[in-house]
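Working through the structure, step by step
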Amino acid sequence: MPNMLLPQEERNLTPDQVAALDKRRQRGLMLQVMGAQFGFVAILLTVWAGQDFTYGPGWIHPMGYYMILAGILSLICCLSGSVLRRGVPEFN
């Protein structure tokens, strides 16, 4: 009897397809963890970026640019990790 909690396309997978699906979900979790770490670094960089934007002359604000880069990387990693982890997990 098929598991009705699984989506229709995941009900009749071969063992190799199940292994590929698990690997995809593990990579998605890895990207979500990396996104959380980038987000934490971006939050810590706001202290220095605020000072840099306030007291830095002209367009020379390296800490601000690092903070913006870390925030963008955080969003990209979290979103792509969530896309890779879509579906029902192995154990409910």
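Keep in mind that what you see is a predicted model, and the values were worked out from it rather than measured.

Below, the discussion takes up the side chain of His61. Summarising the element assignment, His61 is placed in the loop between α1 (15-55) and α2 (62-84). Judged by its relative accessible area of 8%, His61 is buried.

Turning our attention to the packing of α1 against α2. Running from N to C, α1 and α2 cross one another at 160 degrees; their axes reach a closest spacing of 7 Å. Classified by the interaxial angle, the pair formed by α1 and α2 is roughly antiparallel. Seen along the crossing, α1 lies across α2 with a hand that is left-handed. Residue composition of the contact of α1 with α2, grouped by class: 19 nonpolar, 11 polar and four charged.

Before going further, it helps to spend a moment on α1. Counted at 1.5 Å a residue, the expected span for α1 with its 41 residues is 60 Å, and the 59 Å between its end C-alpha atoms agrees. Of all the bends in α1, the largest measures some 40 degrees and sits at Thr46. Among the residues of α1, Leu21, Arg25, Gly28, Leu31, Gly35, Gly39, Ala42, Leu45, Ala49 and Asp52 are the ones counted as buried. In the core, the buried residues of α1 are packed alongside α2.

If you walk through the whole model with that rule in mind, you get zero disulfides. As a non-bridged cysteine, Cys77 has Cys78 as the owner of its nearest cysteine sulfur, 7.1 Å distant. Assessed through its relative accessible area of 8%, Cys77 is described here as buried. The class for Cys78 is partly exposed, based on a relative accessible area of 28%.

Before going further, it helps to examine α2. Taking 1.5 Å per residue, 23 residues should reach 33 Å; α2 reaches 33 Å between its end C-alpha atoms and fits that length. Every buried residue belonging to α2 is among Gly64, Met67, Ala70, Ser74, Cys77 and Gly81, and all of these are buried. Here the buried face of α2 lies against α1.

Right, let's get into a nonpolar patch on the surface. Residues Phe53, Trp59, Tyr65, Ile68, Ile72 and Ile76 make up a contiguous nonpolar surface patch of about 670 Å² in total accessible area. Among the elements that take part in the nonpolar patch, α2 stands out by supplying four residues, more than any other. Along the polypeptide, Phe53 turns up in helix α1. By relative accessible area, which is 41% here, Phe53 ends up partly exposed.

Turning to the environment of Ser82, a few remarks are in order. Here Ser82 lies in helix α2. Given the relative accessible area of 39%, Ser82 is considered partly exposed. Sequence spacing of Ser82 and Thr14 is 68 residues, and the spatial spacing of their C-alpha atoms is 24 Å. Within polar-contact distance, the side chain of Ser82 engages the side chain of Gln32 at 3.2 Å.

Rules and cut-offs
Residues numbered from 1 in each chain as written. Predicted model: local features only at pLDDT ≥ 70, side-chain atom pairs only at ≥ 80, totals over all residues. Heavy atoms only, no water. Helix = DSSP H or I, 4+ residues; strand = E, 2+ residues; numbered from the N terminus. Buried < 20%, exposed > 50% of the residue type's maximum accessible area, 1.4 Å probe, protein only. Axes fitted to C-alpha atoms, helices over the stretch in contact; angles between N-to-C directions. Parallel < 35°, antiparallel > 145°, perpendicular 65-115°, else oblique. Left-handed = near helix turned anticlockwise from the far one by under 90°. Nonpolar A, V, L, I, M, F, W, Y, C, P; charged D, E, K, R; others polar. Expected span 1.5 Å × (residues − 1). Bend = angle between axes of the 7 residues up to and from the residue. Contact = heavy atoms within 4.5 Å. Disulfide = S-S within 2.5 Å. Patch = residues over 30% accessible without salt bridge, like charges linked within 9 Å, V, L, I, M, F, W, Y side chains within 5 Å. Areas by Shrake-Rupley, 256 points an atom, 1.4 Å probe, with all protein chains shown as cover. Salt bridge = Lys/Arg side-chain N within 4 Å of Asp/Glu carboxyl O. Polar contact = N/O pair within 3.5 Å; in protein donor to acceptor, adjacent residues only side chain to side chain.

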